[in-house]
Structures are given as C-alpha cells and as structure tokens.
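For reference, the chains in residue letters:
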Amino acid sequence: MTSTKPIHLSKSVVMQAYKLVKSNAGAAGVDQQTLDDFDLKLGKNLYKIWNRLSSGSYFPPAVKQVGIPKKSGGTRYLGIPTVSDRIAQMSIKLLVEPLWEPLFHADSYGYRPNKSALQAVEVTRRRCWQYDWLVEFDIKGAFDNIDHELLLKAVRKHTPERWQVMYIERWLTAPTETSEGLIDRTCGTPQGGVISPLLMNLFMHYTFDCWMDRHFKELPFARYADDGVVHCRTRVEAETLMMALADRLEECGLQMHPEKSKIVYCKVDSRREDAEHTQFTFLGFTFRARAAVRKDGSTFTGFLPAVSAEACKAMRSRIRSWHLHRWTSVSLSRLLAAHRRVLSGWLNYYGRFYRSALSTVFNYYYHRLLTWVRRKYKRFRGRIVVCQQWLEKVHAANPRLFVGGDAFCIPGFR
C-alpha cells in the first residue's frame with residue numbers, strides 16, 4: 001500500500017527513537033510532561049509525532065532553559081526540549097548520523113558512536129611522550145554561538161533529504177523559555193538538545209578539523225566537542241598555532257576562551273626548557289610530570305594523566321550530599337548497593353589512568369562509612385579502632401560488597 005504522506009518516515013524509526021530517549025531518561029520540558037506521563041498514552045503520543053513529522057507539519061515547542069552551576073564558577077544554561085521533541089529530534093538524528101559520521105575526523109571523540117573521552121585521553125597521553133609542546137584550547141560558549149548560516153550550509157551539503165534540513169532549521173530557531181519569557185534564538189543550538197552534539201560535531205568538523213588538515217596537517221590533535229589539544233614540536237610552532245587558531249575561530253563566529261586556552265610545555269626530567277604552564281587539564285584528567293614504575297621495577301618521571309583536583313572535589317561533594325550517617329535504618333549491604341553504580345562509574349573512568357590518585361575520593365567515602373557504622377551500632381561509639389577492625393573483617397569476608405576491591409577500600413584507612 002502506498003503511503004499518502006509527503007514524507008517517508010518509518011514508524012519503526014520513531015519507536016527506536018522513543019526507546020533511546022527512554023533509556024537516557026531526562027527532565028520534563030516546557031509542557032511539564034515527564035516520560036512516565038508520556039507512557040500513559042504511548043501509542044497515541046508516538047503516532048502524533050510520526051504523523052506530524054511525516055506530514056511536514058511538525059513545529060518544535062520552545063526549549064526550557066535550566067541553569068546549572070559550573071565547576072569553575074558561574075552558570076551553564078541547558079536547553080531542555082519536551083519529551084515529544086526529544087523523540088522527534090532522535091528520529092531525525094537516527095537518519096542523518098549515518099550520513100555524517102563517515103565525514104568526521106578520526107581524532108574527533110565527542111558524542112560519536114564507538115568513540116569515547118577515555119580514547120581521547122589515551123591518545124593524548126601517548127602523544128605527550130612524543131611532542132614537547134601542546135596547545136590546549138576551549139571555546140567560550142560554543143553551543144550558544146554557532147553561526148546558523150554556516151552550520152546550515154554544511155547540513156545542506158551532507159543531507160540529501162530537504163525535509164530533514166527543514167526540521168533541523170526549525171530546531172535551530174526554536175525559541176527559548178526563560179524566567180523572563182520567550183527569547184528568539186538567532187545563533188547557537190541548545191546544549192541539552194538530542195541533535196545538538198551532532199550539529200556541534202558537524203560545525204567543528206569544518207571550523208577546526210578540516211582547517212587543521214589544510215594548514216597544520218603535521219600536528220596531531222584530539223578534540224572532544226569544543227575542547228581540544230594540539231601537539232607541537234617547538235614553542236614557536238605552538239605560538240604560531242595559537243594565534244592562527246584564535247583568528248580561525250573568530251572568523252567562524254566563535255571565541256577562544258582566554259582563561260582556559262594556553263600553551264603547555266610537557267616537562268619531564270629530560271626536557272630542560274622553562275615555561276609558564278607545565279600542566280593542563282583535559283576531560284577531567286590533569287596531565288603533568290608524575291613518578292611512574294617500569295615493568296622491571298625501576299622508576300622514572302613521565303608526563304601522565306590522573307584525575308584532576310577539581311574532579312576529586314566534585315566527587316567528594318557528591319558523597320557529602322548523600323548524608324551517609326543518616327542511613328542508620330538500612331543494612332550495610334543495602335547502603336553500599338545504593339551508591340555502587342555511581343562509585344563504579346567514577347572508578348571505571350577516572351581509575352583508567354594513574355588509579356592511585358583516586359584514593360582521596362574513595363578513602364573519603366569509606367571514612368564516611370565508618371561514621372555510619374558508629375552511629376548505627378552502639379557498641380562502636382567512641383571506639384574508632386574497633387569499628388575499623390570490624391569493617392575490615394566484613395570487607396575480608398565479602399570483598400565484592402565494596403567498590404574498588406582491595407585498591408581503595410578498608411586498607412586505605414591505615
């Protein structure tokens with residue numbers, strides 16, 4: 001049977017988009033409809049999205065602006081689409097991403113299938129051994145300042161279906177709802193939109209990746225969305241690149257962050273030059289000279305990544321917010337299970353490189369756990385050593401209860 005819709009969009013694509021949005025969870029948009037509310041009339045709601053998208057009559061609602069504090073201070077504003085709009089965006093993303101993905105540079109790691117931040121950290125770690133100098137750059141308000149005209153030029157070039165381009169343009173220009181009312185958007189894409197990271201990658205592909213291949217092809221880089229590092233052989237080469245990159249970003253309507261962008265000397269014992277900056281932080285890891293051990297047991301100084309002080313501070317703050325000492329009504333196994341997923345995530349990510357640097361976080365967690373034990377069991381009140389010995393015995397009998405195994409748990413208290 002031939003469809004009467006002007007746009008061919010399979011219902012299975014919308015269903016797949018719904019499942020992905022559902023798995024990602026997320027807050028309600030301007031209509032206050034949660035995912036649970038959406039599920040109450042799931043079939044009807046999905047049909048409405050499909051019907052409007054395939055008829056060309058889908059117009060995205062306003063995006064809800066939500067402010068969250070930055071680690072460095074200030075506020076980052078996210079744009080939260082409605083549940084229905086997230087499903088609509090995901091539907092189009094599923095169609096255009098396979099077309100755009102082959103275009104992207106091998107050293108672009110942000111928000112891509114089979115790419116990760118840890119891969120970017122790993123390749124940067126290796127290259128810091130090979131190159132003495134590095135340019136670290138960050139783009140100020142990148143998502144908020146993307147030039148629509150330049151972005152749509154790239155979208156049209158790589159998107160054969162005109163209706164897909166039409167919907168992307170509508171999402172780019174959808175208004176933002178703030179506490180002061182609706183604001184029209186003339187540039188940028190909401191940081192929080194489903195399709196925004198893909199649009200950012202396409203924009204940065206031409207703004208930075210292709211530009212590097214044309215003008216500095218011999219210098220390797222790693223980019224994660226709007227954060228990146230470029231390795232250089234000499235100070236002069238790094239200074240030249242820094243100035244050229246600032247001009248290139250300005251040409252494309254962006255601005256290099258003056259405080260977060262700098263030239264870094266990857267200094268170790270064998271590198272004798274002086275420099276203002278001898279360390280940098282990339283994707284939550286601080287790269288600097290650190291003691292390391294070779295396979296034969298000898299020590300040396302390497303330029304290596306480890307969890308940053310800012311990330312450790314944020315993790316300890318998160319642990320403090322759990323108020324573990326108030327959970328006296330639950331068992332130890334239940335208490336440990338409540339936060340296992342978060343702790344495991346931290347360990348799997350930040351523990352990938354220089355794992356011992358995480359000890360301050362996990363020791364802090366288990367010291368808070370000791371406080372819980374002393375409050376729950378009267379026999380341990382005022383007897384810190386006995387309390388610690390008891391927890392050590394529990395750990396020895398059930399090591400899998402404790403995230404991190406023997407690396408950070410009870411022995412870390414000694």
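Overview of the structure. All values reported here derive from a predicted model rather than from experimental measurement.

Here's the deal with the overall build of the chain
Next up, step 1: Within the chain, the secondary structure is distributed over 14 helices and 11 strands.
Next up, step 2: For the chain, the spread of C-alpha atoms along the principal axes amounts to about 75 × 60 × 45 Å.
Next up, step 3: Taking all 414 residues of the chain together, the buried fraction comes to 48%.
Next up, step 4: Accessible surface, the chain: about 21200 Å² in total, of which carbon and sulfur atoms supply 50%.
Next up, step 5: Here the chain contributes 62 positively and 39 negatively charged side chains, and the mean placements of these two sets differ by 13 Å.

So, unusual backbone geometry
Next up, step 1: Of note in this structure, alanine 25 is not a glycine but carries a positive phi near 60°.
Next up, step 2: Taking relative accessible area as the criterion, alanine 25 reaches 39% and is therefore assigned partly exposed.
Next up, step 3: Positive phi outside glycine occurs at asparagine 114, with the angle close to 60°.
Next up, step 4: Structurally, the position occupied by asparagine 114 is in the loop between helix 4 (83–100) and helix 5 (117–130).

Focus: the packing of helix 8 (residues 196–215) against helix 9 (residues 235–251)
Next up, step 1: One way to put it is that helix 8 packs onto helix 9 with a least axis distance of 11 Å and a crossing angle of 135°. In terms of their interaxial angle, helix 8 and helix 9 are classed as oblique. Regarding helix 8 and helix 9, the two cross each other, and that crossing is right-handed. For the pair helix 8 and helix 9, the contacting residues are Tyr206, Thr207, Phe208, Trp211, Met212 and Arg214 in the first and Leu241, Ala244, Leu245, Arg248 and Leu249 in the second.
Next up, step 2: Considering only residue class, the contact of helix 8 with helix 9 consists of 8 nonpolar, 1 polar and 2 charged.

Some details on the pattern of salt bridges
Next up, step 1: On inspection of all chains with the given rule, the structure shows 12 salt bridges.
Next up, step 2: Between lysine 262 and glutamate 136 there is a salt bridge, with its nearest N and O atoms 2.7 Å apart. Taken together, the residues lysine 262 in strand 8 (residues 262–265) and glutamate 136 in strand 3 (residues 133–138) connect sequence positions 126 residues apart.
Next up, step 3: The class of lysine 262 is buried, set by a relative accessible area of 17%.

A short note on helix 1 (residues 11–24)
Next up, step 1: With 14 residues, helix 1 extends 20 Å from end C-alpha to end C-alpha; this agrees with the ideal 20 Å at 1.5 Å per step.
Next up, step 2: All of the buried residues along helix 1 are Val13, Val14, Ala17, Tyr18 and Val21. Across the axial projection of helix 1, the buried residues extend over an arc of 140°, all falling on one side. Facing away from the buried surface of helix 1 by more than 90 degrees, the exposed residues are Lys19 and Ser23.
Next up, step 3: Contacts made by the buried residues of helix 1 are with helix 2 (35–40), helix 3 (42–55) and helix 4.
Next up, step 4: Positive phi shows up at alanine 25, right after helix 1, with a value of about 60°.

Procedures and definitions
Residues numbered from 1 in each chain as written. Predicted model: local features only at pLDDT ≥ 70, side-chain atom pairs only at ≥ 80, totals over all residues. Heavy atoms only, no water. Helix = DSSP H or I, 4+ residues; strand = E, 2+ residues; numbered from the N terminus. Buried < 20%, exposed > 50% of the residue type's maximum accessible area, 1.4 Å probe, protein only. Areas by Shrake-Rupley, 256 points an atom, 1.4 Å probe, with all protein chains shown as cover. Lys, Arg positive; Asp, Glu negative; His and termini not counted. Charge placed at Lys NZ, Arg CZ, Asp CG, Glu CD. Axes fitted to C-alpha atoms, helices over the stretch in contact; angles between N-to-C directions. Parallel < 35°, antiparallel > 145°, perpendicular 65-115°, else oblique. Left-handed = near helix turned anticlockwise from the far one by under 90°. Contact = heavy atoms within 4.5 Å. Nonpolar A, V, L, I, M, F, W, Y, C, P; charged D, E, K, R; others polar. Salt bridge = Lys/Arg side-chain N within 4 Å of Asp/Glu carboxyl O. Expected span 1.5 Å × (residues − 1). Arc of directions from axis to C-beta.

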